[in-house]
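Listed below are the residues making up each chain.
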Amino acid sequence: MKKIIKLITSAILCVSLTACSLPFLGSSDTKSGIVIAGGNTSERQILSEIQKQLIQHYMPKAKVSVINNLGSTTLIVQTFMRGICNVSAGMYTGTSLTGELGMEPETNPQKAMELVKNGYKDKFNMKWYDSYGFSNTYAFMVKREFAEKNNIKTLSDLKALAPKLRAGVDTSWMRRQGDGYEAFKQTYGYDFAKVYPMEIGLVYDAVNNGEMDLVLGYSTDGRINSYDLVLLEDDLHVFPPYDCSTVASYDLLNKHPELDDVFGKLEGKIDSSTMQKLNRMSDEQLIEPATVAKNFLEENNYFEEVSK
């Protein structure tokens, strides 16, 4: 019931946002406080809580709040432009590069990071920080039994088997430009026997239940661990990197330069396996993102520097 209410609430808020009125956000105070733009995914909500609690730990006098249920990166950028938020705890290089920055896809992670850093500074007056240490990209995955039986580790390894396989994929991926279905076929030189467009949240159960031989999901989803799925390496790099980072407005950083050090404490500290576990706690164990974040920070001593 908790998850159903959360989904309904998220849907209602997203409808309000896409009308561009943003009425429920009008009371946020970025002039005197730090307002973090969350999202409608567990991952973005967990990261927002991690940043909120980390800021409160190192800057106890700061006024910090989170606005969740923003349904897209575009909406998050709109909150910055309207002065509603001044921090986003979860932004992804591949999404922003081809989205609000309007650039071509870039498969080199370092180059993609450089492009979004420069693009966000020039276009939005925002600072894009180095990655937390994980990339939430599209990834094909199979059951471990299938991978071991067929000695499959990469997408290229699938070529001989592909004509007999059923693949469940994200519906929007079928028509994506640059890293979608057509680009995949051109890059790898094969297709599957059947390709079934599906809601992204359903693909994990589909492969786990044997309804699909492989599926396209997100690389940090908690169900990868739960179902003991194996991610296949994108060895020909059809999928651009989606390295995750914090973004903050330079107006905020000029007011609170100490935030630079706070945000920097998490750079390179959360790998894909860790993010999968945190997502699983929220999505499957139904632990609130704030509690997941609190436990993570306490386990890591709030990333306090060890005295020499």
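Residues numbered from 1 in each chain as written. Predicted model: local features only at pLDDT ≥ 70, side-chain atom pairs only at ≥ 80, totals over all residues. Heavy atoms only, no water.

The protein is annotated in an unreviewed UniProt entry as Osmoprotectant ABC transporter substrate-binding protein of Criibacterium bergeronii.

(A) Representation of the pattern of salt bridges within the structure. This model, assessed by the stated rule, comprises nine salt bridges. Note that aspartate 213 and arginine 166 form a salt bridge whose closest N and O atoms lie 3.2 Å from each other. One end of the pair, aspartate 213, is in the loop between helix 8 (203-208) and strand 8 (214-218); the other, arginine 166, is in strand 6 (residues 166-170), and 47 residues separate them in sequence. Under the relative-accessibility criterion, arginine 166 is labelled partly exposed at 29%. Across the pair arginine 176 and aspartate 179 runs a salt bridge, and its minimum N-O distance is 2.9 Å. (Salt bridge = Lys/Arg side-chain N within 4 Å of Asp/Glu carboxyl O. Helix = DSSP H or I, 4+ residues; strand = E, 2+ residues; numbered from the N terminus. Buried < 20%, exposed > 50% of the residue type's maximum accessible area, 1.4 Å probe, protein only.)

(B) The arrangement of the packing of helix 12 (residues 272-283) against helix 13 (residues 289-299) in detail. With their axes 9 Å apart at the nearest point, helix 12 and helix 13 run at an angle of 140° to one another. If you check the angle between helix 12 and helix 13, you find them oblique. Every pair of crossing elements has a handedness; the one defined by helix 12 and helix 13 is right-handed. For the pair helix 12 and helix 13, the contacting residues are Thr274, Leu278, Met281 and Ser282 in the first and Pro289, Val292 and Phe296 in the second. In the contact of helix 12 with helix 13, the residues fall into five nonpolar, two polar and no charged. (Axes fitted to C-alpha atoms, helices over the stretch in contact; angles between N-to-C directions. Parallel < 35°, antiparallel > 145°, perpendicular 65-115°, else oblique. Left-handed = near helix turned anticlockwise from the far one by under 90°. Contact = heavy atoms within 4.5 Å. Nonpolar A, V, L, I, M, F, W, Y, C, P; charged D, E, K, R; others polar.)

(C) Structural view of the packing of aromatic side chains. Following the criterion strictly, the structure yields 19 aromatic pairs and no others. Taking the centre distance of 4.9 Å and the plane angle of 65° together, the rings of tyrosine 120 and phenylalanine 124 count as edge-to-face. Taken together, the residues tyrosine 120 and phenylalanine 124, both in helix 5 (residues 109-124) and four residues apart, mark about one turn of the helix. Tyrosine 120 sits in the buried class, given a relative accessible area of 0%. Taking 6.2 Å as the distance between ring centres and 15° as the angle between the ring planes, the aromatic pair formed by tyrosine 132 and phenylalanine 134 counts as stacked. Take tyrosine 132 and phenylalanine 134: they sit in the same class, and that class is buried. Here the aromatic cluster, defined as three or more aromatic residues joined through ring pairs, consists of Tyr138, Phe140, Trp173, Tyr181, Phe184, Tyr188, Tyr190, Phe192, Tyr218 and Phe239. (Phe/Tyr/Trp six-rings, centres within 6.5 Å; stacked < 30°, edge-to-face > 60°.)

(D) Representation of the sheet that holds strand 2 (residues 64-67). As summarised here, the arrangement of the five strands in space is 2-1-3-10-4, forming an open sheet in which the pairing is mixed. Two strands in the sheet have a free side with no partner beyond their single neighbour: strand 2 and strand 4 (126-128). Direction aside, neighbouring strands of the sheet carry axes that sit 25° apart on average. Of the strand pairs in this sheet, strand 3 (residues 87-92) and strand 10 (residues 244-249) are connected by four bridges, and their pairing is antiparallel. Residue pairing across strands places methionine 91 opposite serine 245, the latter belonging to strand 10. Packed on one face of the sheet, helix 2 (residues 42-58) meets strand 1 (34-37), strand 2, strand 3 and strand 10 and runs near 140° to strand 3. Seen against the sheet, helix 5 touches strand 3, strand 4 and strand 10 and runs at an angle of roughly 170° to strand 4. (Pairing = 2+ DSSP bridges.)

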